[in-house]
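Residue strings, one per chain:
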Amino acid sequence: IADNQRIHPVVPVATSTTAPLVPPCSSVSEKGTQVHQAYPSQGGRPIIPPKPRKRKGCCCRFLCGIITLLLLILIIIGIVAAVIYFVFQPKIPQYSVDRLKISALRLNFDLTLYAQFDVKITATNPNKKIGIYYEKGGRLSVWYANDKLCEGSLPRFYQGHQNTTRLNITLTGQSESGSTIMTALQQQQQTGQIPLDLKVDAPVSVELGTMKLRKVRILGRCSLVVDSLSTNSLISIKANKCRFGMKL
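None of the values given here were measured: they were computed from a predicted structure. (Residues numbered from 1 in each chain as written. Predicted model: local features only at pLDDT ≥ 70, side-chain atom pairs only at ≥ 80, totals over all residues. Heavy atoms only, no water.)

Caption draft 1: Layout of the overall build of the protein chain. Summing up its helical and strand segments, the protein chain has two helices and 14 strands in all. With 248 residues in all, the protein chain has 28% of them scored as buried. Excluding contacts between residues fewer than 6 apart, the proportion of contacts in the protein chain whose partners are at least 24 apart in sequence is 64%. Total accessible area on the protein chain stands at roughly 17,800 Å², and carbon and sulfur atoms take up 58% of it. (Helix = DSSP H or I, 4+ residues; strand = E, 2+ residues; numbered from the N terminus. Buried < 20%, exposed > 50% of the residue type's maximum accessible area, 1.4 Å probe, protein only. Contact = heavy atoms within 4.5 Å. Areas by Shrake-Rupley, 256 points an atom, 1.4 Å probe, with all protein chains shown as cover.)

Caption draft 2: Up close: helix α2 (residues 178–191). With 14 residues, α2 extends 21 Å between its outermost C-alpha atoms, agreeing within 8% with the 20 Å of an ideal straight helix rising 1.5 Å per residue. Within α2 the residues assigned to the buried category are Gly178, Ile181, Met182 and Leu185. Projected down its long axis, α2 carries its buried residues within an arc of 95 degrees, all on one side. In this structure, α2 carries Thr180, Gln187, Gln190 and Thr191 as exposed residues pointing more than 90 degrees from its buried face. Packing partners of the buried residues in α2 comprise β5 (94–107), β6 (113–124), β8 (139–144), β9 (147–153), β11 (164–175) and β12 (194–208). One or two positions beyond α2, positive phi appears at Gly192, with a value near 80 degrees. (Expected span 1.5 Å × (residues − 1). Arc of directions from axis to C-beta.)

Caption draft 3: Examining empty space enclosed by the protein more closely. The full count for this structure, using the stated rule, is one cavity of 30 Å³ or more. Here the largest cavity is characterised by a volume of approximately 40 Å³. The class makeup of the residues in the lining of the largest cavity is eight nonpolar, no polar and no charged. (1 Å grid on protein atoms, 1.4 Å probe; cavity = no way out; pocket = protein on both sides within 12 Å on 5 of 7 lines; lining within 4 Å. Points joined across faces, edges and corners; volume = space filled by probe spheres on them. Nonpolar A, V, L, I, M, F, W, Y, C, P; charged D, E, K, R; others polar.)

Caption draft 4: How the structure looks around unusual backbone geometry. Non-glycine residue Leu111 carries a positive phi angle of around 65 degrees. The residue Leu111 is located in the loop between β5 and β6 in this model. Here Leu111 falls in the partly exposed class, since its relative accessible area comes to 48%.

Caption draft 5: Here's a closer look at the layout of surface pockets. The space that makes up the largest pocket amounts to roughly 650 Å³. Lining the largest pocket are 21 residues; nearest its centre among them are Ile84, Pro90, Leu213, Met246 and Leu248. Per element, the largest residue contribution to the lining of the largest pocket is five residues, and it comes from helix α1 (residues 58–88).

Caption draft 6: Quick look at the nonpolar core. Phe117, Leu149, Leu196 and Leu198 are the most contacted members of the largest nonpolar core, which totals 43 residues. Here the element with the most residues in this core is β12; it accounts for eight residues. Residues in contact with Leu149, not counting those within four places in the same chain, are Leu113, Ala115, Phe117, Val142, Trp143, Tyr144, Gly173, Gln174, Ser175, Ile181 and Leu196. (Core = buried A, V, L, I, M, F, W, Y, C linked by side-chain atoms within 4.5 Å.)

Caption draft 7: A look at the side chain of Asn125. For Asn125, the location among the structural elements is in the loop between β6 and β7 (130–134). Excluding residues that lie within four positions of it along the chain, Asn125 makes contacts with Ile130, Gly131, Ile132, Gln159, Gly160, His161, Gln162 and Asn163.

Caption draft 8: Structural detail: the pattern of salt bridges. Within the structure shown, the criterion is met by six salt bridges. Residue Lys212 pairs with Glu135 through a salt bridge whose shortest N-O separation is 3.5 Å. Placement of Lys212 in strand β13 (residues 211–226) and of Glu135 in the loop between β7 and β8 is noted, with a sequence separation of 77 residues between them. The class of Lys212 is partly exposed, set by a relative accessible area of 47%. As a salt-bridge pair, Lys148 and Glu151 come within 3.4 Å of each other at their nearest N and O atoms. (Salt bridge = Lys/Arg side-chain N within 4 Å of Asp/Glu carboxyl O.)

Next up, the structure:
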């Protein structure tokens, strides 16, 4: 009996301690392939990693460069303009109407009004360091209310520093609705005060020292009051008020 109750030793079965081939927090399908990766959670909600910041595009840097360049150009222009103003002290030329003579003012057969005025004007350049080139295309015109009676061309010439130039200009023209204009002028003549407007449009180039700048336009208007519109007689100018400006 003692021989039949021998105790046989039990050999323990070795268990595998090899680490799994999938990373932690991953699930594996039945075939052993990785399906998805779960992120650690906090308070029952998954923690999503922050997205990488996007870099500023080159388009934004380009626009910033353009704006900076424009501001720099404006600053340079402002400095140059300030220097020119303080060094040369530019002033707008002055004009005055010295004499006005009506050579013709009559109705034509087609009821248009024909007018011919001879005007003597004085142009003064008050600048000490600036010369003025009067270019081609300058016009001088006489208006009554909103009707242009006649016009003529300004001559091309150079006006030096602090120079005064006197010009004799002949203006001619024909106006529609001549009978209506003539009636209104005759009524005004009875009062002895006839309002006329003389307008100037002169393209000029400015000379600073020895440098000739780009062309600009001198625009002016002289409000005249004359006593008569009699032809071939000297007309008295009772009022002569002029305003002038410059247009780039």
